Every structure is written in structure tokens, then in C-alpha cells.
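# Structural description and commentary
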Amino acid sequence: MEKHELVDINGNKTGKILTHIEARNLNNVPKGYYISVVGVVIINDNNEILLQKRSRFKRANPSKWGICGGKVDLGETSLDAGVRETLEEIGVFLDKKDLKFLSMDTNEKAHFTVYYVRKNVNINELIIDINPLIENIISPTIVTPIITNKSQTILEKTILASNILLL
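Residues numbered from 1 in each chain as written. Predicted model: local features only at pLDDT ≥ 70, side-chain atom pairs only at ≥ 80, totals over all residues. Heavy atoms only, no water.

Our next topic: the environment of Asn47. Mapped onto the elements, Asn47 comes out in the loop between β3 (35–43) and β4 (49–53). Between the C-alpha atoms of Asn47 and Arg118, which are 71 residues apart in sequence, the distance is 8.6 Å. (Helix = DSSP H or I, 4+ residues; strand = E, 2+ residues; numbered from the N terminus.)

Structure, rendered in C-alpha cells:
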């Protein structure tokens, strides 16, 4: 069974552990603790960002567009989780050394760490995460951001605005 170690406001592990089922209900997260969540932004050589559309049957944020990511499992670093989630969701293997820190933020119950990687991905070759029990189909697409300035600050603001899609 998957388990998740809660973190403090700075992203430090606390030793407090929730099962995956417990972590689904944010009311189980005690005050001052946070579920660690990771996101990975994949940017190609044309400064286009890979997005995926969540299934309409997903519990959180159905039919929303977002980046690869999810909860950090017990024993993982956020980098490990970013690599795992990207492989699970779209079949793309990332090398941890290629992931660059982009941003860190919290809301009431979640601590978000977002990384980015420069990688050319052919969306026709992606392996889509399909769960036959609940139509867990993710439709990938590549989009050109409205703002194509290479400033990390602008990219950070764009990604921070989409952090809610990570849960």
C-alpha cells in the first residue's frame, strides 16, 4: 500500500505518515503538516510546454489541463517522485540530473515542488496511463505558452498558477 510522509512548510520530512487512502482526504492532514506534491514541466526546444488533460472521472480536477505530477511516496525525494510520476503518466523517462528546480509553494494542506526539464517529446509516442476500471485516460498535447519570454520568473508565475492541478 502506498504511503506518504508529511512535510513541514519548508518541505522537510516530519516522520508523520499517512496511507494513500488517508492522504486522499485532506482533513486527515494535521495543522502545520503538508502533503508533499511534485510537478514536472516539460519544455521542448521551441519553448512549448507539454500538458495533459485529466480524465473526466478523476476525483480531483476532472477534465482539467495540467503538468505531470502527483504525491511524493514514502521514501522518495521530490525529484524521485517527479521521475516516477512522469514515467507512470506519459511513459517518458527523465534523468534526475536533468530536472531543474522551478518553484516551491504551499496551500493550506499541500506543499508543491515544481521542476522543469528541457526535452523534446513526440506526443504520438507517449504511453498514456490507462486504468480500465475508471477511464484514467490522459490526453497529452503540446502548447505554446502565451508568454514565450525565457524569464524563469514569468515561467514560475505560470506554473504556480497551475499548482492546483497537481492534486
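Don't stop here, the text continues.
This model, assessed by the stated rule, comprises seven salt bridges. The partner of Asp95 in a salt bridge is Lys97, with the nearest N and O atoms 3.9 Å apart. Take Asp95: its relative accessible area is 33%, and that puts it in the partly exposed class. Taken together, the salt bridges that share partners define one network made up of Asp73, Glu76, Arg84, Glu85 and Glu88. (Salt bridge = Lys/Arg side-chain N within 4 Å of Asp/Glu carboxyl O. Buried < 20%, exposed > 50% of the residue type's maximum accessible area, 1.4 Å probe, protein only.)

This brings us to the confidence of the model for the chain. Chain-level pLDDT for the chain is 79 on average; 76% of the residues reach the 70-or-more range. Note that pLDDT drops below 50 for residues 131–139; the model gives that stretch 25 contacts with residues more than four away or on any other chain. Across residues 144–167 the pLDDT falls below 50, and counting only partners more than four positions away or on other chains, this stretch makes 45 contacts in the model. (pLDDT = per-residue confidence, 0-100. Contact = heavy atoms within 4.5 Å.)

What follows covers the nonpolar core. Counting 16 residues, the largest nonpolar core has Ile42, Ile90, Leu94 and Leu99 as its most contacted members. The set of elements that each furnish at least two residues to this core consists of β3, α2 (78–90) and β8 (110–118). With near-sequence residues (within four places) excluded, Leu99 lies in contact with Val40, Leu79, Val83, Leu94, Tyr115, Tyr116 and Val117. (Core = buried A, V, L, I, M, F, W, Y, C linked by side-chain atoms within 4.5 Å.)

This paragraph deals with the side chain of Glu89. One can find Glu89 in helix α2. Given a relative accessible area of 9%, Glu89 falls into the buried group. A polar contact is formed between the side chain of Glu89 and the backbone nitrogen of Gly69, at a distance of 3.3 Å. (Polar contact = N/O pair within 3.5 Å; in protein donor to acceptor, adjacent residues only side chain to side chain.)

For strand β7 (residues 100–106) and β8, the ladder comprises six bridges, and the chain directions are antiparallel. Paired with Met104 across the two strands is Thr113, which belongs to β8. As consecutive antiparallel partners, β7 and β8 are separated by three residues. (Pairing = 2+ DSSP bridges.)

Here we take up the packing of aromatic side chains. Going through the model one piece at a time under the given rule, you end up with one aromatic pair. For the pair Phe101 and Tyr115, a centre-to-centre distance of 6.4 Å together with 80° between the ring planes defines the contact as edge-to-face. Linking Phe101 in strand β7 with Tyr115 in strand β8, this pair joins segments that are 14 residues apart in sequence. Judged by its relative accessible area of 43%, Phe101 is partly exposed. (Phe/Tyr/Trp six-rings, centres within 6.5 Å; stacked < 30°, edge-to-face > 60°.)

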